[in-house]
Amino acid sequence: MIRVLIAEDQGMMRDALALLLGLEDDIEVVAQVADGSAIVAAAERAGPDVALLDIELPGRSGLDAAADLRGKGIVVLILTTFGRPGYLRRAMEAGAAGFLVKDAPVEELAAAIRRAVAGERIVDPALAAAALNAGPSPLTDRERDVLAAAIDGSTIADLAARLHLSESTVRNHLSSAIGKTHTRNRIEAARMARHNGWL
């Protein structure tokens, strides 16, 4: 039996995945979590072979948890609604064995789980080509942090306080990010970075 952990914040989707995968003769869902900060602890308790992780989770993203799980010998498959090239690149850098979009049939997901356990990498070919064409994120880690915080339209002073930086440092990072994304302002830069999966 292939033991699977599912990390998905939408209850109906999580329950449906567990139910459908449970119908497979060789797959057993051993843990389900809705919060990204619970992934590692749940994996330590349940001992899954494979972790299906959504990217956008409360607490901690699936991408952030992927490297921790891989270090424990767990095969990680990222399962997301958003097939963004930047997300794919970050997933592969974190050691994920595959990157799948949620609109695929469950039979494909079950087959991908089996293939990943056998040591294969599973990536949608169109998404892989888009990721190669998009290239890596031009943003530094700090620019990414500042843009992610700025996406809600916060003022420079609010951003500085939240990130424990000076206002001039926040302005410099935002200016650099705007230049690198070839956008007109920080809101456009944040939206573009989010769309490309860089945040």
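Because the structure is predicted, anything quoted here is derived from the model rather than measured.

Mind showing me how you'd approach the sheet that holds strand β1 (residues 2-7) here?
One open sheet holds the 6 strands; their spatial order is β2-β1-β3-β4-β5-β6, and the pairing between them is parallel. Lying at the two open borders of the sheet, with one neighbouring strand each, are β2 (27-33) and β6 (122-123). Taken strand by strand, helix α1 (residues 11-22) contacts β1, β2, β3 (50-53) and β4 (75-80), and its axis lies near 165° from that of β2.

How should I be thinking about the packing of helix α7 (residues 141-150) against helix α9 (residues 167-181) in this particular structure?
How two helices sit against one another is set out by the angle between their axes and by the gap between those axes. Close contact between α7 and α9 brings their axes to 9 Å; oriented N to C, the two are set at 95°. When the interaxial angle is binned, α7 and α9 end up roughly perpendicular. On α9, the residues touching Arg142, Glu143, Val146, Leu147 and Ala150 of α7 are Val170, His173, Leu174, Ser176, Ala177 and Lys180.

I would appreciate a short explanation of unusual backbone geometry in the present structure.
Phi at His164 takes a positive value of approximately 60°, unusual for a residue other than glycine. Mapped onto the elements, His164 comes out in the loop between α8 (156-163) and α9. Positive phi values are uncommon outside glycine, yet His182 reaches one of about 55°. Checked against the element boundaries, His182 lands in the loop between α9 and α10 (186-195).

Sorry if this is basic, but what is going on with the pairing of strand β5 (residues 98-101) here?
A regular strand places its side chains on the two faces of the sheet in alternate fashion. Of the strand pairs in this sheet, β4 and β5 are connected by 4 bridges, and their pairing is parallel. Each residue of the ladder has a partner; that of Leu77, found in β5, is Gly98. One ladder, built from 2 bridges, connects β5 with β6; its direction is parallel. Across the sheet, residue Gly98 finds its bridge partner in β6, namely Ile122. Between the parallel elements β5 and β6, the chain passes through helix α5 (residues 106-117) in a crossover that is left-handed.

Sorry if this is basic, but what is going on with the layout of surface pockets here?
A probe matching the size of a water molecule, rolled over the atoms, marks out where space remains unfilled. In this structure, the largest pocket encloses a volume near 360 Å³. Elements that contribute at least two residues to the lining of the largest pocket include exactly α1, β5, α5 and β6. Top element by residues in the lining of the largest pocket is α5. It accounts for 6 residues. In the lining of the largest pocket, the residues fall into 17 nonpolar, no polar and 4 charged. In this structure, the second largest pocket occupies an estimated 230 Å³ of space. Among the secondary structure elements, those contributing two or more residues to the lining of the second largest pocket are α3 (62-70) and α4 (85-93).

Rules of the game
- Residues numbered from 1 in each chain as written.
- Predicted model: local features only at pLDDT ≥ 70, side-chain atom pairs only at ≥ 80, totals over all residues.
- Heavy atoms only, no water.
- Pairing = 2+ DSSP bridges.
- Helix = DSSP H or I, 4+ residues; strand = E, 2+ residues; numbered from the N terminus.
- Contact = heavy atoms within 4.5 Å.
- Axes fitted to C-alpha atoms, helices over the stretch in contact; angles between N-to-C directions.
- Parallel < 35°, antiparallel > 145°, perpendicular 65-115°, else oblique.
- Right-handed = clockwise from strand over helix to strand, strands pointing away.
- 1 Å grid on protein atoms, 1.4 Å probe; cavity = no way out; pocket = protein on both sides within 12 Å on 5 of 7 lines; lining within 4 Å.
- Points joined across faces, edges and corners; volume = space filled by probe spheres on them.
- Nonpolar A, V, L, I, M, F, W, Y, C, P; charged D, E, K, R; others polar.

Purely geometric stuff here, so don't read any function into it on its own.
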